[in-house]
Amino acid sequence: MKPIAVERLVRDEIASLDPMLPAEISTLTARLNLLRVEPRFDAALISLFAAMGFLLAMIGLYGVLAFLVSSRTREIGVRMALGAKPESVLAMVVWRGVRLMLMGFVPGAGLAACYVPARRATRVDPMEALRYE
């Protein structure tokens, strides 16, 4: 039997018992699809926030590097006048950006590594800890 025919039979049977009784009838596939909607939305929302955070970080890094280059314009000009190749100037600026990223990444990874033990420390029962000694 088709799901629609079964639904009609079940509705008729419920109506014969009590016509005022509300009945919500759906297939297992429809119910499973409803269960999948919320996690997909949550994942999409988290992905959106992660992308926005990444974009903001890149804009910030660009701003800092643009400021550093503009404040070192004379130094870069003197280097170029004395024979520095454009590749070496490019490498100098890129390396500065990489160092800035590493300075942000290392404390972030350290913070992530410290969070779990710190969270565990907040769950210590004081009476149990005092009895332990």
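Quick caveat: nothing in here was measured; it's all calculated off a predicted structure. (Residues numbered from 1 in each chain as written. Predicted model: local features only at pLDDT ≥ 70, side-chain atom pairs only at ≥ 80, totals over all residues. Heavy atoms only, no water.)

Novice: Help me out: how do you make sense of the overall build of the protein chain in this one?
Specialist: Helix and strand counts for the protein chain stand at five helices and zero strands. Counting helices and strands in the order they occur from the N terminus, the protein chain gives α-α-α-α-α. At 32 Å, the protein chain has a C-alpha radius of gyration far larger than the 14 Å of a compact globule built from 133 residues. Seen through its principal axes, the protein chain has C-alpha atoms that stretch 95 × 55 × 25 Å. A total of 133 residues make up the protein chain; the buried ones form 5% of that total. At a minimum sequence separation of 6, the contacts of the protein chain that also span at least 24 residues come to 43%. Averaging the coordinates of the 16 positive side-chain charges in the protein chain and doing the same for the 12 negative ones gives two points 17 Å apart. (Helix = DSSP H or I, 4+ residues; strand = E, 2+ residues; numbered from the N terminus. Rg over C-alpha atoms; globule rule 2.2 N^0.38 Å. Buried < 20%, exposed > 50% of the residue type's maximum accessible area, 1.4 Å probe, protein only. Contact = heavy atoms within 4.5 Å. Lys, Arg positive; Asp, Glu negative; His and termini not counted. Charge placed at Lys NZ, Arg CZ, Asp CG, Glu CD.)

Novice: It is not clear to me how a nonpolar patch on the surface should be interpreted in this structure. Could you clarify?
Specialist: The grouping of Phe41, Leu45, Leu48, Phe49 and Met52 at the surface amounts to a nonpolar patch, some 500 Å² of accessible area in total. Residue position: phenylalanine 41 is located in helix H2 (residues 28-71). (Patch = residues over 30% accessible without salt bridge, like charges linked within 9 Å, V, L, I, M, F, W, Y side chains within 5 Å. Areas by Shrake-Rupley, 256 points an atom, 1.4 Å probe, with all protein chains shown as cover. Salt bridge = Lys/Arg side-chain N within 4 Å of Asp/Glu carboxyl O.)

Novice: Teacher, can you tell me more about the pattern of salt bridges here?
Specialist: Side chains that differ in charge, positive against negative, can pair when their charged atoms come close. Under the definition given, this model contains four salt bridges. For arginine 72, the salt bridge identified is with glutamate 75, shortest N-O distance 2.8 Å. Classification of glutamate 75 by relative accessible area gives partly exposed; the value is 30%.

Novice: Would you explain the packing of H2 against helix H4 (residues 86-121) in this entry?
Specialist: Angle between the axes and distance between the axes: these two values describe a pair of packed helices. Interhelical geometry of H2 versus H4 gives an angle of 135° and a closest axis separation of 11 Å. It follows from the interaxial angle that H2 and H4 lie oblique. The handedness of the crossing between H2 and H4 is right-handed. Across the interface between the two elements, Leu61, Val64, Leu65, Leu68 and Val69 from H2 touch Val93, Arg96, Gly97, Leu100 and Met101 from H4. For the contact of H2 with H4, the class distribution of residues is eight nonpolar, one polar and one charged. (Axes fitted to C-alpha atoms, helices over the stretch in contact; angles between N-to-C directions. Parallel < 35°, antiparallel > 145°, perpendicular 65-115°, else oblique. Left-handed = near helix turned anticlockwise from the far one by under 90°. Nonpolar A, V, L, I, M, F, W, Y, C, P; charged D, E, K, R; others polar.)

Novice: Could you clarify how one ought to interpret empty space enclosed by the protein in this entry?
Specialist: One way to see where empty space is left: roll a probe the size of a water molecule over the atoms. For the structure on display, the rule yields one cavity of 30 Å³ or more. By volume, the largest cavity amounts to about 50 Å³. In terms of lining residues, the largest cavity is bounded by Leu68, Val69, Arg72, Met92, Val93 and Arg96. Among the elements that line the lining of the largest cavity, the one with the most residues is H4, at three residues. (1 Å grid on protein atoms, 1.4 Å probe; cavity = no way out; pocket = protein on both sides within 12 Å on 5 of 7 lines; lining within 4 Å. Points joined across faces, edges and corners; volume = space filled by probe spheres on them.)

Novice: What is the right way to look at the confidence of the model for the protein chain in this model?
Specialist: The predicted structure's coordinates, where accompanied by low pLDDT, should not be read in detail. Across the protein chain, the average pLDDT comes to 86, with 98% of residues at or above 70. Within the protein chain, no element has a lower average pLDDT than helix H5 (residues 126-132), which sits at 75, and none a higher one than helix H3 (residues 73-81), at 91. (pLDDT = per-residue confidence, 0-100.)

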